[in-house]
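Given next are the chains, with one letter for each unit.
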Amino acid sequence: MLWIAIRMLTGDKQKFYGLLFGIAFSTLLITQQLTIFVNLVERGASGVYNVTEADVWVMDEVSRTTEVNFAMPSTALDKVRGVTGVDWAVPHLRAVASVRTKDGDLEGVEIIGVDDATLIGLPPSMIEGSKSVLFQPDSVIIDDVGTTRMFEGGISPVGERLELNDQRAVIRGVADTIPSFTSQVALYTKYSQALRYVPGSRNRLSFVLVGTSDGVSSEELAARISEKTGLKALPREELAQNGIDFIMENTGIPLNFGITVILGFIVGVAIVGLTFSLFIRDNIKQFGALKAIGVTNRKIAGMVAAQAFMVGMIGYGLGVLGTVAFIYSFSGDPTFKGFYIPWQVPLISLVAMVLIIVLTGWIALRGVMKTEPAAVFR
């Protein structure tokens, strides 16, 4: 009976391909939009992910993320170093500035000051040059995404001179980074040099990066630092989550992507439901003939379920493959750098497709159950 059901389904190629298109398009829309959504919001934590050495981040109590922070006095560094359980603590500066290129163009950049001695705060890997170039005078390292924004045509930025608040800066390396949510150009330099590039108020220390001693957890040390210094101390994972939550709470991204996903589901129900209903209606005599020779309603329901399962799984597979092809085709674009498909996203799409198949199959099945064997003679 299942073979007969599949033959009935594939015999009408127009409706068969219409069902596949409806499910594949819905799967593609839902999976692709959820993938982009997850990757975008995760970039709210890029500032933390790019600093792999720090176990605990210490900041002013009103600071929320690496991008939304309030500067502390320089004495905060000594306070943190005096807390039991701190293996090392280094300063970290993050500030915005405007840079003028040799062509006279103005570009907004983020200045990131790392520890002068250890260079803790730099991304873990480099594309061009080495981390030690920062020990040279007036040196900065640019992130790879910023390179594509400031230097078009694949020109290497190494050796290029910039003007930062009337200060000379020379690009001597390119870092491999996770782009920020805004994809703003990032320039890394030593902390002492960053203070000259970003003149401002008396307090300019953005964060204190802390490493834990052996036997002390980051959660325990963070609580101890907060108690002893009065500053906010957060484990690495918690600050990263704060960056993600900030984007979720303060932008329209969840609503916009949520609407698109819902529309994808509705479109799937509409296309698949209409096509499946037309398919059942055109084959009502065949189902009537099967009933006339003694096929029970239970077996008829199994046939319809097999048809729905077949087009559902094929369409779902095509939709997921389309998403993979989309992400792969744009992998060279800096906007999509590091994008991946979390395993939960295809699972959510699968649940959505099952709901579409069950809903549309149930609607179509009602018509079959009401079919009389005499329909074959009409």
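Residues numbered from 1 in each chain as written. Predicted model: local features only at pLDDT ≥ 70, side-chain atom pairs only at ≥ 80, totals over all residues. Heavy atoms only, no water.

Draft legend 1. Region of interest: the environment of Thr148. Mapping Thr148 onto the fold places it in helix 5 (residues 144–150). Its relative accessible area of 40% is what places Thr148 among the partly exposed residues. Along the backbone, Thr148 and Asp333 are 185 residues apart, and their C-alpha atoms lie at a distance of 9.5 Å. Engagement of the side chain of Thr148 in a polar contact is seen with the backbone oxygen of Val145, the distance being 2.6 Å. (Helix = DSSP H or I, 4+ residues; strand = E, 2+ residues; numbered from the N terminus. Buried < 20%, exposed > 50% of the residue type's maximum accessible area, 1.4 Å probe, protein only. Polar contact = N/O pair within 3.5 Å; in protein donor to acceptor, adjacent residues only side chain to side chain.)

Draft legend 2. Inspection of unusual backbone geometry at higher detail. In this structure, Leu119 takes a positive phi of about 60 degrees despite not being glycine. Relative to the elements of secondary structure, Leu119 occurs in the loop between strand 3 (106–114) and strand 4 (125–128). Given a relative accessible area of 6%, Leu119 falls into the buried group. Phi is positive for Ser183, close to 55 degrees, though the residue is something other than glycine. Locating Ser183 in the fold gives a position in the loop between strand 7 (167–176) and strand 8 (185–190). For Ser183, a relative accessible area of 17% puts it in the buried group.

Draft legend 3. Quick peek at the environment of Ser98. Along the polypeptide, Ser98 turns up in strand 2 (residues 86–100). Ser98 gets classed as partly exposed once you look at its relative accessible area, which sits at 39%. Distance in space between the C-alpha atoms of Ser98 and Ile111 is 9.5 Å, their sequence separation being 13 residues. Those residues in contact with Ser98, other than ones at most four positions away along the chain, are Leu106, Glu107, Glu163, Leu164 and Asn165. (Contact = heavy atoms within 4.5 Å.)

Draft legend 4. Structural view of the packing of helix 2 (residues 13–42) against helix 8 (residues 236–250). With their axes 8 Å apart at the nearest point, helix 2 and helix 8 run at an angle of 120 degrees to one another. Between helix 2 and helix 8, the crossing angle belongs to the class labelled oblique. Each of Phe37, Leu40, Val41 and Glu42 in helix 2 lies in contact with helix 8, whose residues at this interface are Ile244, Ile247 and Met248. Classifying every residue of the contact of helix 2 with helix 8 gives 6 nonpolar, no polar and 1 charged. (Axes fitted to C-alpha atoms, helices over the stretch in contact; angles between N-to-C directions. Parallel < 35°, antiparallel > 145°, perpendicular 65-115°, else oblique. Nonpolar A, V, L, I, M, F, W, Y, C, P; charged D, E, K, R; others polar.)

Draft legend 5. Expanded view of helix 7 (residues 218–229). Relative to the 16 Å expected for 12 residues at 1.5 Å per residue, helix 7 spans 16 Å between its end C-alpha atoms, a close match to the ideal helical length. What helix 7 keeps buried is the set Ser218, Leu221, Ala222, Ile225 and Thr229. Summarising the axial view, the buried residues of helix 7 lie within an arc of 100 degrees, below the 170-degree limit, and thus occupy one face. Against the buried residues of helix 7 lie strand 1 (56–59), helix 4 (75–81), strand 2, strand 9 (207–212) and strand 10 (232–235). (Expected span 1.5 Å × (residues − 1). Arc of directions from axis to C-beta.)

Draft legend 6. Quick peek at the packing of aromatic side chains. Following the criterion strictly, the structure yields 7 aromatic pairs and no others. Judged by centre distance (5.1 Å) and plane angle (75 degrees), the rings of Phe336 and Phe339 are edge-to-face. An identical accessibility class is assigned to Phe336 and Phe339; each is buried. Taken together, the ring pairs in this structure connect Phe326, Phe330, Phe336 and Phe339 into an aromatic cluster. (Phe/Tyr/Trp six-rings, centres within 6.5 Å; stacked < 30°, edge-to-face > 60°.)

Draft legend 7. Looking closely at empty space enclosed by the protein. Scanning the model with the defined rule gives 1 cavity of 30 Å³ or more in all. Of the voids in this model, the largest cavity is the one considered here, and its volume is about 120 Å³. If you list the elements that add at least two residues to the lining of the largest cavity, you get helix 3 (46–49), strand 3 and strand 8. When grouped by side-chain class, the residues that make up the lining of the largest cavity number 6 nonpolar, 7 polar and 4 charged. (1 Å grid on protein atoms, 1.4 Å probe; cavity = no way out; pocket = protein on both sides within 12 Å on 5 of 7 lines; lining within 4 Å. Points joined across faces, edges and corners; volume = space filled by probe spheres on them.)

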